[in-house]
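Given next are the chains, with one letter for each unit.
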Amino acid sequence: MLDPVRVQGFLDVFGAWDPSLAFVLGGAVAVAMGGMAWLRRMSRPLLADRFHLPMKSRIDARLIVGSAIFGLGWGLGGFCPGPALASLSLGLMPTLVFVAFMLAGMVAHDRFFVGRPS
């Protein structure tokens, strides 16, 4: 997950496809399914008064555009946000640039879009 070439190889389905990331994603989905099954049996969280789950279920333009931007960043940069932060420990310039732009995008989103009606 920390190697952008591997991520880009996974996304290259018509070229030199690298399926190893599919196993990582499959493992993450399996763990999440177990956690969600456990969550559904709980009446409330252990350290809070209530669960804070998303209320929206509608697919709108903002969701599609945001997903496309995330996908483009993932495909072009080869990082998801979590592995990008973990990769900072390697001290590589491309990782630093990616994280800087990721943080700039987060700040821009909060500055221009948070609090606006959907």
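Here the structure is a predicted model, which is why all the values come from computation and not from measurement.

Chemist: I would appreciate a short explanation of the overall build of the protein in the present structure.
Modeler: Per the secondary structure count, the protein includes five helices and zero strands. In sequence order, the secondary structure elements of the protein are arranged as α-α-α-α-α. Radius of gyration (C-alpha) of the protein: 17 Å, far over the 13 Å computed for a compact globule of 118 residues. Along the first, second and third principal axes, the C-alpha atoms of the protein reach 45 × 35 × 30 Å. For the protein, the residues scored as buried account for 14% of the 118 residues in total. Look at the contacts in the protein between residues 6 or more apart in sequence, and 40% of them connect residues 24 or more apart. Averaging the locations of the 10 positively and 6 negatively charged side chains of the protein gives two centres separated by 13 Å.

Chemist: Sorry if this is basic, but what is going on with the confidence of the model for the protein here?
Modeler: Low pLDDT means the predicted coordinates in that region are not meant to be read closely. Confidence in the prediction for the protein averages 87 pLDDT; 96% of positions are at 70 or higher. Mean pLDDT per element in the protein: helix α1 (residues 4-11) is the minimum at 82, and helix α2 (residues 20-41) is the maximum at 92.

Chemist: Sorry, what's going on with the side chain of Ser 87 here?
Modeler: Of note, Ser 87 is situated in helix α4 (residues 81-87). Excluding residues that lie within four positions of it along the chain, Ser 87 makes contacts with Leu 2, Phe 79 and Thr 95.

Chemist: What is the right way to read the packing of aromatic side chains from this model?
Modeler: Centre-to-centre distance and the angle between the planes together describe a pair of aromatic rings. Here the structure, examined in full by the defined rule, presents three aromatic pairs. Consider the rings of Phe 79 and Phe 98, whose centres lie 5.4 Å apart with planes at 55°: the pair is tilted. Highlighted residues: Phe 79 in the loop between α3 (61-77) and α4 and Phe 98 in helix α5 (residues 93-112), separated in sequence by 19 residues. Feature note: the residues Phe 10, Trp 17 and Trp 74 constitute an aromatic cluster, connected by ring pairs.

Chemist: I'm lost on α5 in this one. Help?
Modeler: Each α-helix turn comprises 3.6 residues. Residues three or four places apart therefore point the same way. For α5, with 20 residues, the first-to-last C-alpha span of 28 Å sits near the 28 Å given by 1.5 Å per residue. Listed as buried for α5 are Thr 95, Phe 98, Val 99 and Met 102. Relative to the axis of α5, the buried residues are bounded by an arc of 95° and lie together on one face. Opposite the packed face of α5, turned more than 90 degrees from it, sit the exposed residues Met 93, Phe 101, Val 107 and Arg 111. Tucked inside the fold, the buried residues of α5 contact α3 and α4.

Chemist: Sorry if this is basic, but what is going on with α3 here?
Modeler: Between its first and last C-alpha atoms α3 spans 24 Å; for 17 residues at 1.5 Å apiece the expected length is 24 Å, and the two agree. Taken from the residues just after α3, Gly 78 is the one with a positive phi, measuring 80°.

Conventions we followed
- Residues numbered from 1 in each chain as written.
- Predicted model: local features only at pLDDT ≥ 70, side-chain atom pairs only at ≥ 80, totals over all residues.
- Heavy atoms only, no water.
- Helix = DSSP H or I, 4+ residues; strand = E, 2+ residues; numbered from the N terminus.
- Rg over C-alpha atoms; globule rule 2.2 N^0.38 Å.
- Buried < 20%, exposed > 50% of the residue type's maximum accessible area, 1.4 Å probe, protein only.
- Contact = heavy atoms within 4.5 Å.
- Lys, Arg positive; Asp, Glu negative; His and termini not counted.
- Charge placed at Lys NZ, Arg CZ, Asp CG, Glu CD.
- pLDDT = per-residue confidence, 0-100.
- Phe/Tyr/Trp six-rings, centres within 6.5 Å; stacked < 30°, edge-to-face > 60°.
- Expected span 1.5 Å × (residues − 1).
- Arc of directions from axis to C-beta.

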